[in-house]
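# Report on the structure
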Amino acid sequence: MSQEQLQQLKTRALDEIKKVSDQNQLQNLEIKYLGRKGELTKILRTVGELPEAERGKMGDLANQVKQVLASEIGRVKKSLSEKGAGAVEENEWIDVTASKVKDGFGHLNPVSKIQYELEDIFSSMGFMVLDGPELESEYYNFEALNIPSWHPAREMQDTFYVEGDGLLMRTHTSPMQVRTMEKYGAPLRAIVPGRCFRNEATDARHEHTFYQLEGFMVDKNISMANLKAVLEVVAKKLYGPETHLRLRPKYYPFVEPGVNGEVTCFLCKGKGCRLCKNIGWLEIFGAGLIHPNVLKAGGINPEKWSGFAFGFGLTRLAMLKYGIDDIRLFCSGDIRFLNQF
Ligand code: FA5
C-alpha cells in the first residue's frame, strides 16, 4: 500500500462516517476500518514488513489516519446518542401550533354506543352504573346465583377457568347482583355493562367474548309489573314510542319466575321481515324476579324485600341496530369493519 492509497482510504472512510444515520451503521464502519480484521488494522500489521526507508513514514501516516478515524467515529457516536435522547439539532424545529392530521381520529365502537345510550336511559330512572370483575370467582358466577356445581345450567355456560384458585372468566354480568347487594343492601337500583366470556363453538350469533348489560332493582313489593314497566320505557326510548314488549316464560336458576324479553321488530314494526325472521318480535333480554336464594346470598331478607333482574345481550343489540349479520366481526380486528360506524 502506498501513502496515496492510505490517503484515499482515509477520505473514503470519513465520507462513509459522515453519511451514517444510526449507531448500528456506525459500529459496522468501526469494525470495517478499525476492527481486528479491519482495513486499517491490516495495513498497520504489514508496516513492519516494509523496507526500512518507507517503514517510518508509512507507520506514522497509518497511525495518524487511525487517530483521525477513531476520533471522528467517537464524535458521531456522541452526537447520535444525544439525538436519541431527544436533543434537537439547530436545523431541526418543532411547530407546536401545527394542527393534527385530520384522518387519525378514532370513534366509538357500536357496542359502546348502545351501552352509553342504555346508561343514559337507566341513569334517568335512578339506576347506578357499576363495573364488575371480568375474572370472577366460581362462587359469584354460579353458586351465589343458585347454580350449584351439579346444576345442568353450568354446562350451558362453560367458560375459561384459571387453574387452582376457583377463578373463571365470568360467563355473564349476573355475578354483580350479589356483589352489589352485599355492598349496598336494599333498596337498590343498578345496571352493570361489561364483557363476558364463554367456551363457545363460535358461529354467526355466538362469540367467546361478548358484552351484556345487567340490571336489577330491589325494593318493597317489587313484581313482574315493575319489571315490565321499566323495560317497556327502555324499549320505547331505544326503538321508538310505538314499540311493544312481550315477556314469555324462560327458565333461569337465579330468577323465579323467569322470562324472555322481546320487542316489536323496529325494522318491520311487527309485520315480519328478514331481521325478525318473519316473527315480528326480537328477543333482546332474559329477566325475572330475583330468586329468594339469591337475595339471601346477598344478605337481603326475601320476606321483606323483593326485586327484578334482567340481562341484555349488548353485542346482540348492536347487531340488530346496525344490521351486522356476523358477531365474529366484532373481535376480528378488521379496521374496515369498525370504520363503517
Ligand atoms: C344470561 O346470561 C343471564 N345472566 C341473563 C339474565 C340476567 C336472566 C338476569 C335473568 C335475570 P343468557 O345465557 O340467555 O342469559 O344470555 C343473555 C344474552 O347474552 C343472550 O340473549 C345473548 O344476547 C347474549 N349471549 C349469550 N351468550 C352469547 C355468546 N356466546 N355470544 C354473544 N352473545 C351471547
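This one's a predicted model, so the numbers in the text were calculated from it and none came from an experiment.

Per the domain assignment, the segments of the protein chain are domain 1 (3–83) and domain 2 (110–338). Each of domain 1 and domain 2 was reduced to a C-alpha centroid, and the two centroids are 73 Å apart.

Before going further, it helps to spend a moment on unusual backbone geometry. Residue Pro187 follows Ala186 across a cis peptide bond; omega there is -5 degrees. On the secondary structure map, Pro187 appears in the loop between α8 (175–184) and β5 (188–197). Here Lys277, not a glycine, exhibits a phi torsion of approximately 55 degrees, which is positive. By the secondary structure assignment, Lys277 is in the loop between β8 (255–264) and β9 (281–290). Judged by relative accessible area, Lys277 falls into the exposed class, the value being 57%. A positive phi is found at Asn278, a non-glycine position, where the angle reads about 65 degrees. Mapped onto the elements, Asn278 comes out in the loop between β8 and β9.

A separate point is the nonpolar core. Judged by nonpolar contacts, the single largest core of 44 residues is most densely connected at Leu118, Phe122, Leu231, Phe308, Phe310, Phe312 and Leu317. If you list the elements that add at least two residues to this core, you get α5 (110–123), β6 (209–219), α9 (224–239), β8, β9, β10 (306–313) and α11 (314–322). Ranked by the residues each element gives to this core, the list is headed by α9, at seven residues. Among all residues touching Phe308, those that are not within four sequence positions of it are Phe127, Gly215, Phe216, Met217, Ile222, Asn226, Leu227, Val230, Gly288, Leu289 and Ile290. Counting 25 residues, the second largest nonpolar core, distinct from the first, contains Phe142, Leu168, Met181 and Leu188.

Turning to α8, its buried residues number three or more, namely Pro175, Met176, Gln177, Val178, Thr180 and Met181. Immediately beyond the C-terminal end of α8, within one or two residues, lies Gly185, with a positive phi of roughly 70 degrees.

Our focus in this paragraph is helix α2 (residues 23–34). With twelve residues, α2 should cover 16 Å at 1.5 Å per step; its first-to-last C-alpha distance of 16 Å lies within 8% of that length. Among the residues of α2, those classed as buried are Leu26, Leu29 and Tyr33. For α2, the angular spread of the buried residues around the axis is 60 degrees, confining them to a single face. The outward face of α2, more than 90 degrees from its buried face, is lined by the exposed residues Asn24, Asn28 and Ile31. The distance from a side-chain oxygen at the start of α2 to the backbone nitrogen of Asn24 is 3.0 Å, and the residue carrying that oxygen is Asp22.

Turning our eyes to something else, we now look at the side chain of Thr243. Locating Thr243 in the fold gives a position in the loop between α9 and β7 (245–249). Classification of Thr243 as buried rests on a relative accessible area of 3%. Polar contacts involving the side chain of Thr243 include one to the main-chain carbonyl oxygen of Tyr239, which spans 3.3 Å. Residues in contact with Thr243, not counting those within four places in the same chain, are Ala235, Lys236, Val263 and Thr264.

The rules we used
- Residues numbered from 1 in each chain as written.
- Predicted model: local features only at pLDDT ≥ 70, side-chain atom pairs only at ≥ 80, totals over all residues.
- Heavy atoms only, no water.
- Domains from an automatic or database assignment.
- Helix = DSSP H or I, 4+ residues; strand = E, 2+ residues; numbered from the N terminus.
- Buried < 20%, exposed > 50% of the residue type's maximum accessible area, 1.4 Å probe, protein only.
- Core = buried A, V, L, I, M, F, W, Y, C linked by side-chain atoms within 4.5 Å.
- Contact = heavy atoms within 4.5 Å.
- Expected span 1.5 Å × (residues − 1).
- Arc of directions from axis to C-beta.
- Polar contact = N/O pair within 3.5 Å; in protein donor to acceptor, adjacent residues only side chain to side chain.

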